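Read off the chains here:
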Amino acid sequence: MHQFQKYKINENGNRIQRRYEREAGILLPVSSLPSPYGIGTLGKEAFRFVDFLKAAGQKCWQVLPVGPTSFGDSPYQSYSTFAGNPYFIDLDRLVEEGLLTQAEAKAPDWGNDPANVDYQKLYDSRIPVLRKAFQRGRWEREEDYQIFCQENQEWLEDYSLFMALKSYFQGKEWLDWDENIRNREPDAVRSYTKQLKNEISFWKFCQYQFDRQWNSLQQYARDRQIAIIGDLPIYVALDSADVWVNGRQFQLGSDRRPVKVAGVPPDAFSADGQLWGNPLYRWDVMEKDGFAWWKQRMAFASKRYDRVRIDHFIGIVRYFSIPAGEETAVNGTWMQGPGKKLTQAIHQVIDPGRIIAEDLGVLVEEVSALRDQMGYPGMKIMQFGFDGNPYNDHYPENYRENILVYGGTHDNETLLGYFTDREYEAQRAMEYLGAQTLEEIPFAMLEVGYASPARLVIFQAQDLLELPNSARMNFPSTVGGNWKWRLKAGQLTPDLARRVKGLVRASGRM
């Protein structure tokens, strides 16, 4: 029923070659990898996962943002759009390099549930352990360290000072720091930079270690022809080095607090909409300097990732502006974004063929037009395609070539969980997919997705494992209890890799 066709058939009945090489990939956050240290790292299990991808015939590994997380533990609320998360630094590698002892790495209580991240325990223990490695090393003399600092000076100096100041002010957000440094008065910046020299060096050390380990993993993946897809949040966190340093680029008042914040309006899923709270950009100010900050951001992402997914791409065309202080998104208004002016600017630093547009939500004609004009692939979610509407964009019969198809994303229920609670949609899905039971839906959906014309099909690791909603990653618009799910060591078996690879091969995605 869903046999893959190597060729398309045009309106004249002639065969034509497909335009895109068709690929398959898996979505798995770094935090979800197994490790004995409370959270996934860039260590041995990350390399083993690349081996699994290769064995399963996959070509892509999609990760969530890898920046240092702040309140709520969300990877979409980071202290920096450039920095890497110190939690992801592999302690075993620091042991191998003589910067830690095995006893020091294992001494803290990293939590007793290998299937979930305990962020409180990480917060209490990970940085003190990294400080021990920092104090022991002679890394400042290393040529690679000096090159790293020189090449990343544009953001590294500000970020490291920002994190040193957060430690100095007992973790308070920058808006609650002393006025002189909150406002980045030059004398205050010079004074604190001198006073906190050692602490600044520690945060540089953490970024150096993250960068070394990330580059090793990325090269390992590239050698096996696995592309890493990064996720770039359209907005940055208020409590971040980005906003503290570049305040004029954001909609802040004279007190440097947000005037308008980001979110999305009420819809079928939320009567109050979603109040994200991120400060909005002053697009007119950004345009005057040629979107220099965005170009810096995209140039950096183009080095860190092989492809870049721009989260909430809709916000580039039009964005939802909510007055600061509102408790819901109900009273927001739509405003015009920079559109093509921004995309043309970022194409100066990254090949547009490496960009993916996350265009989920209320899709208006201007968004579709910009996405198609730029050649970016958009997204479809298979689990949303079985409501009985034959014109539903997420229904597999309506897929086209230049799209990414997901079974579900980190913001969705697992496939098994979704259809368990929706009898009508489950019946529709089973009839279309040829599944006999609910448990058969995930792999039947994988087979149909692979057979579709979509250029890339990505499934969450949870759905390959046919897991229920207890493995869900995130509940949008909630704080706490999210971003915790982890793989257990050995869950991704050789038998599973062979099963997935068989579907990849049968669909022509090898």
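The preceding data block contains the structure.
Since we're looking at a predicted model, the values are computed, not measured.

*Asks:* Summarise the environment of glutamate 173; cite the residues concerned and give the values.
*Replies:* Mapped onto the elements of the fold, glutamate 173 is located in the loop between helix H6 (153-168) and helix H7 (179-182). Sequence separation between glutamate 173 and alanine 292 is 119 residues; the distance between their C-alpha atoms is 26 Å. With near-sequence residues (within four places) excluded, glutamate 173 lies in contact with Lys166, Asp239 and Arg257.

*Asks:* Residue-level account of the sheet that holds strand S7 (residues 274-279), with values.
*Replies:* Strands pair in a sheet through their backbones, by hydrogen bonds, and they do so in one of two ways: parallel or antiparallel. Within the open sheet, the 4 strands sit side by side as S7-S6-S9-S10. Their pairing is antiparallel. In the strand order of this sheet, the two ends are held by S7 and strand S10 (333-336), each with one partner. Within the sheet, the average angular offset between the axes of one strand and its neighbour, ignoring direction, is 50 degrees. Across 4 bridges, the pairing between strand S6 (residues 260-264) and strand S9 (residues 318-323) is antiparallel. Each bridged residue has a counterpart across the sheet, and for alanine 262 the counterpart in S9 is serine 321.

*Asks:* Just give me the short version of the packing of aromatic side chains, but keep the residues and values in it.
*Replies:* Scanning the entire structure with this criterion turns up 45 aromatic pairs. On the numbers, 5.5 Å between centres and 70 degrees between planes, the contact of tyrosine 168 with tyrosine 192 is edge-to-face. In this pair, tyrosine 168 is assigned in helix H6 and tyrosine 192 in helix H8 (residues 186-195), connecting sequence segments 24 residues apart. Relative to phenylalanine 291, the ring of tryptophan 283 has its centre 6.4 Å away and its plane inclined at 55 degrees; by these criteria the two rings are tilted. With respect to burial, tryptophan 283 and phenylalanine 291 carry one shared label: buried. What links up through ring pairs into an aromatic cluster is the set Phe134, Trp139, Tyr145, Phe148, Phe202, Trp203, Phe205 and Tyr208.

*Asks:* I'd like a rundown of the state of the cysteines, residues and numbers included.
*Replies:* Within the structure shown, the criterion is met by 0 disulfides. Cysteine cysteine 206 is unpaired, with the sulfur of cysteine 149 as its nearest cysteine sulfur at 12 Å.

*Asks:* Describe the pairing of strand S5 (residues 227-232), listing the residues and the values that go with them.
*Replies:* The buried count for S5 comes to 6 of 6 residues, which makes it a mostly enclosed element. A two-sided burial pattern is seen for S5, the buried positions comprising Ala227, Ile229 and Asp231 on one face and Ile228, Gly230 and Leu232 on the other. Across 3 bridges, the pairing between strand S4 (residues 60-62) and S5 is parallel. Its bridge partner being in S5, cysteine 60 is matched across the sheet by alanine 227. Relative to strand S8 (residues 307-310), S5 runs parallel, the two being bridged by 4 bridges. Within S8, the residue paired with leucine 232 across the bridge is isoleucine 310.

*Asks:* If you had to explain the sheet that holds strand S14 (residues 456-460) to someone new, which residues and values would you point to?
*Replies:* With respect to topology, 8 strands assemble into an open sheet ordered S11-S8-S5-S4-S3-S14-S13-S12, the strand pairing being parallel. Bordering the open sheet on either side are strand S11 (355-357) and strand S12 (378-381), each of which pairs with just one other strand. Along the sheet, successive strands turn relative to each other by an average axial angle of 25 degrees, direction set aside. As judged from the 3 bridges shared by strand S13 (residues 403-406) and S14, these two strands associate in the parallel manner. Paired with tyrosine 406 across the two strands is isoleucine 458, which belongs to S14. Its contacts with the sheet put helix H1 (residues 44-55) on strand S3 (23-27) and S4, and the angle it makes with S4 is roughly 135 degrees.

*Asks:* Mind laying out the pattern of salt bridges, listing which residues take part and the relevant values?
*Replies:* Taken as a whole and judged by the stated rule, the model has 23 salt bridges. Between arginine 48 and glutamate 45 there is a salt bridge, with its nearest N and O atoms 3.0 Å apart. Taken as a pair, arginine 48 and glutamate 45 lie in helix H1 at a separation of 3 residues, close to a single helical turn. Look at arginine 48 and you get partly exposed, because its relative accessible area is 48%. For glutamate 45, a relative accessible area of 22% gives the class partly exposed. Put simply, Arg93, Glu97 and Arg212 are held in one network by salt bridges that share partners.

Definitions and limits used
Every chain begins its residue count from 1, and numbering advances along the sequence as written. At least 70 in pLDDT is required for a residue's local features to be given in this predicted model, at least 80 for side-chain atom pairs to be given and counted, and no such filter applies to totals for whole chains, interfaces and linings, which use all residues. Only heavy atoms go into the side-chain values, all of them from the structure, while hydrogens and water stay out. Runs of H or I in DSSP of at least four residues are treated as helices and runs of E of at least two as strands, each being numbered from the N terminus. Here, two residues are considered to be in contact whenever any of their heavy atoms come within 4.5 Å of each other. Note on pairing: two strands pair once DSSP finds at least 2 bridges between them. Lines fitted to C-alpha atoms define the axes, with helix axes restricted to the stretch in contact, and inter-axis angles between N-to-C directions lie between 0 and 180 degrees. To pair, rings of Phe, Tyr and Trp, with the six-membered ring standing in for Trp, must have centres within 6.5 Å; the planes then decide the type, stacked if under 30 degrees apart, edge-to-face if over 60, and tilted in the middle. Any residue under 20% of the maximum accessible area for its type is buried, any over 50% is exposed, and the rest in between are partly exposed; the area is computed with a 1.4 Å probe on protein chains only. In what follows, a disulfide is any cysteine sulfur pair within 2.5 Å. Each salt bridge in this description consists of a side-chain nitrogen of Lys or Arg and a carboxyl oxygen of Asp or Glu lying within 4 Å of one another.

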